[in-house]
Every structure is written in C-alpha cells, then in structure tokens.
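Structural overview for review
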Amino acid sequence: MEKIAISTHLCPSLKPFNSHLSSDVGFSFPCLTSVFPNQRRKILVARASIVVEQETQTKLALIRIGTRGSPLALAQAYETREKLIASDPGLAEEGAIEIVIIKTTGDKILSQPLADIGGKGLFTKEIDEALINGEIDIAVHSMKDVPTYLPDKIILPCNLPREDVRDVFISLTAGSLAQLPSGSTVGTASLRRKSQILHRYPSLNVLENFRGNVQTRLRKLNEGVVQATLLALAGLKRLDMTENVTSILPIEDMLPAVAQGAIGIACRSDDETMANYIALLNHEETRLAVACERAFLKTLDGSCRTPIAGYACRGEDGDCIFKGLVASPDGTRVLETSRKGPYTVEDMTLMGEDAGKELLSRAGPGFFGN
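Residues numbered from 1 in each chain as written. Predicted model: local features only at pLDDT ≥ 70, side-chain atom pairs only at ≥ 80, totals over all residues. Heavy atoms only, no water.

**With respect to the overall build of the protein chain**
Each helix and strand in the protein chain was counted, giving 9 helices and 15 strands. Each of the 370 residues in the protein chain was classed as buried or not, and the buried ones make up 54%. A separation threshold of at least 6 residues defines the contact pool for the protein chain, and within that pool the share at least 24 residues apart is 71%. Here the protein chain displays about 16100 Å² of accessible surface, and carbon together with sulfur accounts for 50% of that area. (Helix = DSSP H or I, 4+ residues; strand = E, 2+ residues; numbered from the N terminus. Buried < 20%, exposed > 50% of the residue type's maximum accessible area, 1.4 Å probe, protein only. Contact = heavy atoms within 4.5 Å. Areas by Shrake-Rupley, 256 points an atom, 1.4 Å probe, with all protein chains shown as cover.)

Shown next, in the form of structure tokens:
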C-alpha cells in the first residue's frame with residue numbers, strides 16, 4: 001500500500017463550510033430549516049485542488065488516519081484531523097498526525113454500476129484491512145458507504161456532527177427537476193435517487209452509471225453528457241463548492257440515503273488509546289440518528305440493487321422522527337413509513353428495525369430480488 005503525506009498547509013477547498021443559511025421555507029422535519037440562497041448557473045469544478053507529496057518524514061506519527069483519496073474523503077480526513085488537534089493540542093506538533101490514502105475497489109472500478117461489482121463495502125474493504133493489519137490507527141468513512149456489519153476487530157464508536165442531509169439539483173438549463181423538458185437525462189450513480197426521480201417524473205431519463213467524484217460529475221455535466229445531476233449537499237459544503245447548487249430538494253421530494261451527511265471514525269476494538277482519542281469527537285445526537293437509520297437498513301438487508309432511503313432526526317419536542325422508504329428501481333412502486341419515539345439508542349434502534357419489518361411485509365416476495 002502506497003503511503004502519501006498530504007500537505008498540511010491551509011487549503012481553502014478543504015475548509016469546512018460553516019456558514020448558516022437562512023430560510024423562509026418550512027419542512028416537516030424540524031431539524032432541517034435552511035435553504036440555499038439564489039443559485040448561479042455556471043458550474044465551477046476545479047475548487048478542490050489538493051497538494052500531495054511523497055512521504056518523507058521519518059518520525060512515527062501518533063495517529064495515522066486512513067482515508068480514500070477523493071477530494072471529499074480528504075476534506076473529511078482533514079476535518080477529523082482538526083478536531084483531534086482541538087481536543088488534544090499535543091497533536092498539533094508537526095508529524096503527529098499522518099493522513100494515509102488508500103485506494104479502494106470502488107475507486108478503482110468506475111466503468112460499471114456499483115451494484116454490478118459487489119455493492120456493499122466497495123469503499124471500505126481495503127481501509128478496513130489496513131486498520132486490522134495495523135497500517136493505520138483510525139479510519140474515516142462517509143457513513144453511507146459503511147456496511148451494516150462491521151468486520152471483526154473493528155468498532156465504529158464515533159460520528160462527527162452531521163451535515164445537511166438533503167440532496168441538491170444541479171443543471172445549466174433548468175431550475176428544478178420539474179422544469180426539465182420531457183426526455184431530459186439526469187445523471188446519478190444512486191438507485192435511491194433514480195427511483196425517486198422516476199416516481200415523480202417518469203418522462204425523464206436517468207443515466208444510472210454516472211460515477212466519479214464530485215469534480216468528475218460536474219465536468220460531465222458541463223460537457224453535456226447529462227442535462228442535470230443530483231449530489232449530496234453535505235459533500236458540496238465540505239468542499240466549499242455550494243456555488244454550484246441550482247436548488248435544494250426538500251426531504252419530502254427526495255428522502256436521503258441512510259446516514260447521508262454523517263462521518264464515522266473507526267478503530268481496532270483492542271486499541272484503547274485510539275478509542276479514547278475519537279470518543280472525544282463523538283456527537284451523540286448524530287450517532288443515535290445514524291444507529292436508527294442503519295437498524296432500518298440492516299433489517300431490510302438492502303444492497304446497491306435495492307433503492308432504500310431513511311432519515312432520523314430530533315423533533316421540536318425532543319423526540320426522534322424517522323421516515324423510511326423502499327422502491328422499485330424504475331420508480332413505479334414506492335413504499336413509505338414513519339415512526340416517532342424517545343430519542344434514546346434503544347428506542348431508536350427498535351424504531352428502525354420495526355419500520356424495516358413493516359416495509360418487508362408490505363413489499364412481499366420478490367420485491368428485493370437480485
């Protein structure tokens with residue numbers, strides 16, 4: 001495995017997007033109250049440049065962070081690094097934290113849909129192996145990429161504060177999905193997005209194998225490969241690329257992926273030192289919401305061939321509000337359910353499981369085929 005040291009000079013494209021967006025639009029989920037301001041139509045792609053250099057340091061790092069090498073994954077690794085330093089100033093010393101880039105199967109094979117090359121674990125398998133083998137000390141993941149079953153010897157006790165979970169619409173020619181002419185092509189690598197698009201707008205075409213990092217997808221949009229695409233707002237905010245957003249999709253129109261917008265940090269189950277480091281970073285409200293959503297996904301035993309969406313958040317009264325969805329890939333059949341209950345890990349896990357069992361029963365035999 002090649003190790004690459006990332007320059008720790010401040011890179012504007014890696015700074016977290018921290019501004020609070022105002023809104024006059026209300027949603028049924030009280031924890032989502034912001035909406036993006038007036039959009040621009042020019043798509044700006046080259047905002048997340050990253051300087052890398054071959055590893056030259058000889059001092060052993062105190063913490064080696066394993067991550068994928070995409071601009072978004074590195075932004076998340078840097079966010080983790082900064083939070084670690086804030087929690088323990090001793091980690092600010094040069095060389096104390098090393099970021100190790102690991103290329104995963106999902107990064108290597110871009111010519112096929114995710115469902116055709118294995119689905120689960122495509123963006124985590126090699127990082128998990130490096131963690132188990134002691135080549136890294138902690139792993140930083142987008143939680144929506146993490147399978148519901150963790151490998152032996154690995155625990156994931158920490159979630160950073162969650163970003164905005166919503167998806168965004170990006171187009172050079174239209175302001176929303178509803179404004180796209182019949183027959184327009186929307187690019188996405190997500191069956192969850194595809195099924196919800198086609199359910200509401202069956203006259204649109206969806207290019208399913210629209211893969212690549214954020215910059216690659218925006219470049220393809222500029223080149224006219226598609227007329228529009230959908231991306232996660234959380235990723236664009238972490239990359240400081242929100243000027244590309246045309247409009248934000250309400251939760252009611254596009255339910256997000258399970259754990260969308262959440263970052264997870266894993267370590268070895270026998271590494272008490274690393275467990276203590278990352279415990280200081282954990283955001284408990286996010287951890288419980290993710291646990292609820294992942295219980296839903298685990299009950300459904302969903303794969304990349306099954307459009308599944310789920311979102312849990314704290315309501316105005318302090319309770320958990322959960323909404324879940326399963327769909328046929330062509331969008332002709334969509335099943336939804338919701339739950340509300342105490343904001344505790346036991347109650348929320350049971351809510352997710354119960355919602356999953358309900359949709360399994362309603363879907364019937366064959367719905368989750370393939």
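Moving on, there is more to tell.
**Considering the packing of aromatic side chains**
On inspection of all chains with the given rule, the structure shows 1 aromatic pair. With a centroid separation of 5.1 Å and an interplanar angle of 65 degrees, the aromatic rings of Phe 296 and Phe 322 are classed as edge-to-face. Linking Phe 296 in helix α8 (residues 284-300) with Phe 322 in strand β14 (residues 320-327), this pair joins segments that are 26 residues apart in sequence. Here Phe 296 and Phe 322 have matching classes, each one buried. In this structure, Lys 220 is placed above the aromatic ring of Phe 210, and the distance from its NZ or CZ to the ring centre is 5.4 Å. Taking the ring centre of Tyr 343 as reference, the NZ or CZ of Arg 314 above it sits at 4.0 Å. (Phe/Tyr/Trp six-rings, centres within 6.5 Å; stacked < 30°, edge-to-face > 60°. Lys NZ or Arg CZ within 6 Å of the ring centre and 35° of its normal.)

**Some words on the nonpolar core**
Within the largest apolar cluster, 34 residues are counted, with the highest numbers of intra-cluster contacts made by Ile 136, Met 143, Phe 296, Val 326 and Met 348. Put simply, the parts of the chain that give this core at least two residues each are α3 (125-132), β6 (154-159), α8, β13 (308-314), β14 and α9 (345-363). If you count residues domain by domain, this core takes at least three from each of domain 1 (60-160 + 262-282) and domain 3 (283-364). (Core = buried A, V, L, I, M, F, W, Y, C linked by side-chain atoms within 4.5 Å. Domains from an automatic or database assignment.)

**Observations regarding the side chain of Arg 193**
Looking at the element boundaries, Arg 193 is found in helix α4 (residues 191-200). Once residues within four sequence positions are removed from consideration, Arg 193 is found in contact with Lys 144, Asp 167, Thr 188, Arg 217, Leu 230, Leu 231, Ala 232, Met 254 and Gln 260.

**Overview of the pattern of salt bridges**
Under the counting rule described, the total for this entry stands at 22 salt bridges. Asp 137 is the salt-bridge partner of Arg 64, the closest N and O atoms lying 3.0 Å from each other. With Arg 64 in strand β3 (residues 63-67) and Asp 137 in the loop between α3 and β5 (138-142), this pair connects stretches of sequence that are 73 residues apart. Note that Glu 293 is salt-bridged to Arg 162, the shortest N-O span being 2.9 Å. In this pair, Glu 293 sits in helix α8 while Arg 162 sits in the loop between β6 and β7 (167-171), placing the two residues 131 residues apart along the sequence. Each of the two residues, Glu 293 as well as Arg 162, counts as buried. Three or more residues joined by partner-sharing salt bridges are found here, namely Arg 64, Asp 137, Arg 268 and Asp 271. (Salt bridge = Lys/Arg side-chain N within 4 Å of Asp/Glu carboxyl O.)

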